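One-letter residues, chain by chain:
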Amino acid sequence: MKKSIVLIVCIVLSAHSFAQKFYTKNGLVSFYSKATVEDITADNNEVLSVINTATGDMQFSLLNTGFHFKKALMEEHFNEDYMESDKYPKSTFKGKITNLSAINFTKDGIYNTAVTGDLTMHGVTNTITTNGIITIKNGAVSATSKFKIKLTDYKIVIPSVVKNNIAETIDITVSCNYPNKL
Amino acid sequence: MFKKILPILFCLACVSVKTMAQDTTDMLKQLETDSAKQTIVYTKATFKTTRLINGHSVETTAPGVLDVRIDHRFGYVSSGGYNLFGLDESNVRIGFDYGLTKTLMVGVGHTANQKTYDFLAKLKILRQSTGKVNMPVTVDYVPTFAINTLKVFPAIQNFSDRLSLANVLIIGRKFSDNLSLQIMPAYIIKDKVLSPVYDHCIAIGVGGREKISKHTSIDAEYYYQLPGTQDPGTTNVFSIGVDIETGGHVFQIHLTNTQGMTDKAFIAETTGKWGNGDIGLGFNISRVFNVSAKSKNTPWH
C-alpha cells in the first residue's frame, strides 16, 4: 500500500517537475510548388509553436496571410482564391511525438522523431504522420521536418487555367527554434 | 487512512497528466491571442485593380510592379447605325503605373481625346487593417496633373491655360470578401482649352464592387458635380461594368456616358446623357510586370 502511494506521489511530482514547455513565436514554415511553368515558394516566419517535453505534445499555429511570396500577385491569389484567408485565417497542427522515449530533452544530441497529428487548413482537418529531427544543443530545442500535402485533400481547387503553374502536391518545410522555456 | 488518500492521489495524477495535455493547447491559444494583438493585418484586394471603372480605386500597384494599362472607349450608341452605334469611333489612353512603395504609386499616360498627357500619384494615407491597429477604412489621395495639348481656334496663348489638376480623396472599405464600397470627394482645377464657365469643379463620387465569383465582379461608379461648379451642358458620369481577372491580367468592360479617361475629363467635362442613349462601350486592360529586384526580394505586404 505504502509503495503504491509513494509511486503515485512520484508520478504527480515528476509530471510537474518535468512539465517543460518550449515555445516560439518566430518559427518558419515554407512551401514549395514545382510545376511545369513556374516554381513557387513562400515563407512564413511568424509561426507559433509549443512543444511539451513531458507529454510529447507538439502544436503549431500560423496565419495564412503571413506567407510572403516573390510576386505580389501570387500572394494575393494565394489568400483570395486558394486559401480564402478571410474565411479561414489560420492553419494549425496539433500532434504528438510518437517516439518520445527515444528523445532525451536534457541531453545534447540529434534525435529522429516521428509525429502524428491533425493538420487543419482551409477548413479541412486531416491526420498526418511525418518524420522530423529534434536537435538539443546546450539545452536549446530546435525541430525540423519536411512533408508533402495534396491540395485536393484540403479542398483547395486550382482552376484549369493555372494547372501548369501550381503543383498538385506541395512540399512543406518546418523549421523552428524554441528559444523560450516555461 | 491510506485507502482514503489513494484514490485522491490517483485522481491528482490523472488530472496533472490531463492538464499538461490541455496546457499545450491553452498555451498555443495564449500565443495566438498575444500575436494577434501585436500584428497588424492589412486588408488585401479591396478591388481587383487600381481603377474602379473610369476613376481610381483605393488599390495601388505593389512596389516594384509595373502596370501597363490600355483603356479604350467606343463612341455613343446614340451616334446611330452609320457609326455602327459608336463602334466606329475609338478613343484610347495608354498608361504606365509603377509602385514605388507599398503606399505610393506613380503613373503617366496619354489620352488621344483632347491630346492629353497626365501624370498622377496615389498615396495611401490610411490602410484598412485589424489586429494591433484597427482601421476601418483605407484613405488615398490621388492628384492627377494633366496637360491638354489639343489645337484649338483661337489658339491658346498661355501654356498655363492648358494645365489642370484633379485632387481626389478616396475613402474605401472592404465590407466583406465580396462587397467593397468607396466615396470619392474631388476638387478639380480645369484647363481653359474648352473655355469652361467655371475654372474649378467640386464633385463627390460613390462606387463599389460586388464579386460574383472568385475572378469576376460587378462594379458601378457615379460622380456628382456640386451645383455652382458644374459647367452648363455637362452631365454627371455614371458607369457600370464587369471586372474579369485572369492571372496577371485584369479586363474591365463597362458602359459609360463619358469619353474622358483622366479624372478631370470624366468628372467635369462629360456631356453624354444616359437617357438619350449617349452610352459608350469601354474597356480597360491591365497587365502587371514584376520589373524591379525589389519586388522579388522583399515582402511587399
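It should be emphasised that the depicted structure is a prediction, and the values quoted were computed from it without experimental measurement.

This part is about the pairing of strand β2 (residues 39–52) of chain A. Residue and element names in this part refer to chain A. Judged from the 11 bridges that link them, strand β1 (residues 21–34) and β2 form a sheet pairing that is antiparallel. Residue pairing for β2: Gly 27 is matched across the bridge by Val 47. Where β1 folds back onto β2 in an antiparallel hairpin, the turn is made up of four residues. Here two bridges tie β2 to strand β4 (residues 68–69), and the two strands are oriented antiparallel to one another. Within the sheet, the bridge partner assigned to Asp 43 lies in β4 and is His 68. Counting the residues in the hairpin turn of β2 and strand β3 (residues 57–63) gives four residues, including Gly 56, whose phi is positive at 85°.

Right, let's talk about helix α2 (residues 72–82) of chain A for a bit. When you tally the buried positions in α2(A), you get 10 out of 11 residues, the bulk of the element. All of the buried residues along α2(A) are Ala72(A), Met74(A), Glu75(A), Glu76(A), His77(A), Phe78(A), Asn79(A), Glu80(A), Asp81(A) and Tyr82(A).

This part is about the pattern of salt bridges. Following the criterion strictly, the structure yields 17 salt bridges over all chains and no others. The residue Glu80(A) makes a salt bridge to Lys174(B) at a minimum N-O spacing of 3.0 Å. Highlighted residues: Glu80(A) in helix α2 and Lys174(B) in strand β8 (residues 163–174), drawn from two different chains. Given a relative accessible area of 6%, Lys174(B) falls into the buried group.

Right, let's get into the environment of Cys176(A). Residue and element names in this part refer to chain A. Turning to its location among the elements, Cys 176 is positioned in strand β9 (residues 169–178). On a C-alpha basis, the gap between Cys 176 and Lys 107 in space is 19 Å, while along the polypeptide they are 69 residues apart. Discounting chain neighbours no more than four positions away, the residues touching Cys 176 are Thr 24, Gly 27, Leu 28, Ser 49, Phe 60, Val 141, Ser 142 and Ala 143.

To continue, consider the pairing of β9(A). Residues and elements named next belong to chain A. Of the two faces of β9, only the one carrying Ile 170, Ile 172, Val 174, Cys 176 and Tyr 178 is buried; Thr 169, Asp 171, Thr 173, Ser 175 and Asn 177 on the other face are not. Where β1 and β9 come together, five bridges link them in antiparallel fashion. Bridge pairing in β9 places Val 29 opposite Val 174. Across 10 bridges, strand β8 (residues 140–150) lies against β9 in antiparallel orientation. Each bridged residue has a counterpart across the sheet, and for Ser 142 the counterpart in β9 is Asn 177.

Looking now at the confidence of the model for chain B. Residue and element names in this part refer to chain B. With 90% of its residues at a pLDDT of at least 70, chain B reaches an overall mean of 89. Across residues 296–301, confidence stays below pLDDT 50; counting only partners more than four residues off in sequence or on other chains, it has 13 contacts. Here the predicted complex scores 0.81 on pTM and 0.77 on ipTM.

With that settled, consider the nonpolar core. Counting 43 residues, the largest nonpolar core has Ile97(A), Phe105(A) and Tyr178(A) as the members making the most contacts within it. No other element matches β9(A), which puts five residues into this core. Ignoring sequence-local partners within four residues, the contact set of Tyr178(A) consists of Phe22(A), Tyr23(A), Thr24(A), Ser49(A), Val50(A), Ile51(A), Met58(A), Phe60(A), Val141(A), Ser142(A) and Ala143(A). Core analysis: the second largest hydrophobic core is formed by 17 residues, Ala166(B), Met184(B), Phe266(B) and Ile267(B) among them.

Moving on to the packing of aromatic side chains. Summed over all chains, the structure comprises 11 aromatic pairs over all chains. The interplanar angle of 65° and the centroid separation of 5.7 Å between the aromatic rings of Phe31(A) and Phe69(A) together place this pair among those described as edge-to-face. With Phe31(A) in strand β1 and Phe69(A) in strand β4, this residue pair connects regions lying 38 residues apart in the sequence. For Phe31(A), a relative accessible area of 12% corresponds to the buried category. An angle of 50° between the planes, with centres 5.0 Å apart, marks the rings of Phe69(A) and Phe78(A) as tilted. A single burial state applies to Phe69(A) and to Phe78(A), both of which are buried. Sitting above the plane of the Tyr42(B) ring, Arg127(B) keeps its charged end 3.7 Å from the centroid. In this arrangement the basic side chain of Arg287(B) is found over the ring face of Phe289(B), its NZ or CZ atom lying 5.3 Å from the centre.

Procedures and definitions
- Residues numbered from 1 in each chain as written.
- Chains lettered and ligands numbered in written order.
- Predicted model: local features only at pLDDT ≥ 70, side-chain atom pairs only at ≥ 80, totals over all residues.
- Heavy atoms only, no water.
- Pairing = 2+ DSSP bridges.
- Helix = DSSP H or I, 4+ residues; strand = E, 2+ residues; numbered from the N terminus.
- Buried < 20%, exposed > 50% of the residue type's maximum accessible area, 1.4 Å probe, protein only.
- Salt bridge = Lys/Arg side-chain N within 4 Å of Asp/Glu carboxyl O.
- Contact = heavy atoms within 4.5 Å.
- pLDDT = per-residue confidence, 0-100.
- Core = buried A, V, L, I, M, F, W, Y, C linked by side-chain atoms within 4.5 Å.
- Phe/Tyr/Trp six-rings, centres within 6.5 Å; stacked < 30°, edge-to-face > 60°.
- Lys NZ or Arg CZ within 6 Å of the ring centre and 35° of its normal.

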